[in-house]
Amino acid sequence: MPRFYFDVREGTSFTLDEEGLEFESLDAAERMAAEAAAEIGQDRLPKGDARHVTVELKNEHRQRVLTIKVSMNVDRVEPPPQPPRW
Amino acid sequence: MTNLLTRKLEAFGPLPDADKRLLDDVIQPAQPVGARMDLIREGDAPSHVNLILEGFACRYKTIPDGSRQIMAYLVPGDFCDLHVFILKAMDHTIATLSPCTVVKIPRAQILALMERPAIARAFWWAALVDEATLREWLVNIGARPAEQRVAHLLCELLLRLEAVGLTNGDTYELPITQAELADTTGLTSVHVNRVLQRLRRDGLITLKSKNLMIMNVERLKAFSGFNPNYLHLSDRNGLPEQSL
C-alpha cells in the first residue's frame, strides 16, 4: 500500500509528518486529510490563533498531491446595527 | 521476578504473606501473545480471567463503519476482566496492542482468591479504579482540547506504570502506534501526530522509538489539568512527586 504524508499548517505554524501513513488509494488518503483538516480546524479555529488550517497531502516521494484548506471567517457588522425605533 | 499483580494490588494496601504466596501461584503459566491479537471477543463467554504481565493491551469496540474506540489500556498487573464469572458474555473485545505476556486464570482460581478478605478488597479496589479511570477518559474525550487530551493520557500512564515499577525516572516505553493513540483519544492519526509534535516542540515530551520521556512532569500535569485522585494510589494520592 502506498505511503502518504500529511503536513499541517495553521497560521504561521507548520507540522511536518515524519512517519506518514499507508492507504490503499489516493481517495482514502484524501478522506483522512479532509477529516483531519476539519478536526484540527474545530480545535484551533474558534480560539482565533489561526484563521486557516491546511493539510498538504504528499505521496511517498514527498510530492504534494493535494491540499485541503479549512477556514473560519467571522464578519461583525460595522457599524453595529442600531436598536430599532418604534 | 517481582509479581506485578501483587505489586499492583499492594498499591491499595499491604497483603498478608500467605496471600502473596497464593498470588505467586496465580501468575503462572504465563504465555506470550503477539501484538494486535484479540484475547477475547465481544459476545464470547469467558471461562478465565486474562492478566497482563508484560506489554500493553486494550479494551475496544468497533462500529459498523469500521471505526474503533479504545476504552481502556491494560498495563502489566492489570486484570482484563474480573467480572467474567458474574457476566455471561463479553460486551467488548480485549486485544493486545504490543507483544504481551498473559496469564489465563481459571474462574475457579479467581473464586478461591476471593475467599481471602485482603485479596477480595484489593480486587474490588482494582475494579473501582478501572471504573474511575473510564470516567476520567470520558471527561478527557468529551471536554479536553486535543493537546491536553493526549498530555493527560501520558501523565496517567506515567503514574500507572510507575506503580508497577515500569518507569525509569520520567521515561517509559509506550509501545503503541499513532493510529492506536488516535482510536484512544477520538482524534485522527494526523491530528495525533500534530499534537505529539506540538508537545515535543513546547519542550514537554520527547518520543524516540517508542520511548516516551516527560521533560517536566509538573508542567505536563499543569498543562493537562491532571489530578491523580482517580487512580486511588494510596501513598501517592494528591501528594507531590516522590521517589519510590
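Below is a summary of the structure that appears in this document. These numbers were taken from a predicted model, which means no experiment stands behind them.

## Quick notes on the interface of chain A and chain B
Taken together, the contact pairs 19 residues of chain A with 16 residues of chain B. In terms of surface lost to chain B, no three residues of chain A exceed Thr15, Glu39 and Asp43 of chain A, which account for 33% of the buried area on that side. In this assembly, chain A and chain B are joined by 3 salt bridges. Residues arginine 194 of chain B and glutamate 10 of chain A are paired through a salt bridge, measuring 2.4 Å at the closest nitrogen-oxygen approach. Contributions of two or more residues to the side of chain A that touches chain B are made by strand 1 (3–10), strand 2 (13–15) and helix 1 (26–44) of chain A. When residues in the side of chain A that touches chain B are grouped by element, the largest group, 7 residues, is from helix 1 of chain A. The residue makeup of the side of chain A that touches chain B, split by class, is 8 nonpolar, 2 polar and 9 charged.

## Examining the sheet that holds strand 5 (residues 68–74) of chain B
Residues and elements named next belong to chain B. Reading across the sheet, the 4 strands line up as 2-6-4-5 and stay open at both edges, with antiparallel pairing between neighbours. Two strands close off the open sheet at either side, each with one partner strand: strand 2 (38–40) and strand 5. On average, each strand axis in the sheet is inclined to that of its neighbour by 35°, with strand direction left out of account. Relative to strand 6 (residues 93–96), strand 2 is paired through 2 bridges, and the arrangement is antiparallel. Looking across to strand 6, one finds that isoleucine 40 is bridged to isoleucine 94.

## Considering unusual backbone geometry
Backbone torsion omega between glutamate 78 of chain A and proline 79 of chain A reads -10°, so that peptide bond is classified as cis. Here the residue pair glutamine 28 of chain B and proline 29 of chain B is connected by a cis peptide bond, since its omega of 0° sits within 30 degrees of zero. As for its placement among the helices and strands, proline 29 of chain B is situated in the loop between helix 2 (17–26) and strand 1 (30–33). Phi is positive for arginine 62 of chain A, which is not a glycine, with a value near 65°. Its place among the elements puts arginine 62 of chain A in the loop between strand 4 (52–58) and strand 5 (64–71). The backbone of histidine 232 of chain B shows a phi angle near 50°, a positive value even though the residue is not glycine. When you line up the elements, histidine 232 of chain B lands in the segment after helix 8 (217–224).

## Structural notes on helix 6 (residues 178–185) of chain B
Residues and elements named next belong to chain B. By the criterion of burial, helix 6 is predominantly enclosed, with 6 of the 8 residues buried. Close packing links the buried residues of helix 6 with strand 5, helix 4 (117–143), helix 5 (146–163) and helix 7 (189–201). Downstream of helix 6 by a residue or two, glycine 186 has a phi angle that is positive, lying close to 70°.

## A few points about the environment of glycine 13 of chain B
Structurally, glycine 13 of chain B can be placed in the loop between helix 1 (4–9) and helix 2. For the pair glycine 13 of chain B and leucine 233 of chain B, spaced 220 residues apart in sequence, the C-alpha separation works out to 9.3 Å.

The rules behind the values
- Residues numbered from 1 in each chain as written.
- Chains lettered and ligands numbered in written order.
- Predicted model: local features only at pLDDT ≥ 70, side-chain atom pairs only at ≥ 80, totals over all residues.
- Heavy atoms only, no water.
- Contact = heavy atoms within 4.5 Å.
- Buried area = accessible area lost by both parts, 1.4 Å probe.
- Salt bridge = Lys/Arg side-chain N within 4 Å of Asp/Glu carboxyl O.
- Helix = DSSP H or I, 4+ residues; strand = E, 2+ residues; numbered from the N terminus.
- Nonpolar A, V, L, I, M, F, W, Y, C, P; charged D, E, K, R; others polar.
- Pairing = 2+ DSSP bridges.
- Axes fitted to C-alpha atoms, helices over the stretch in contact; angles between N-to-C directions.
- Buried < 20%, exposed > 50% of the residue type's maximum accessible area, 1.4 Å probe, protein only.

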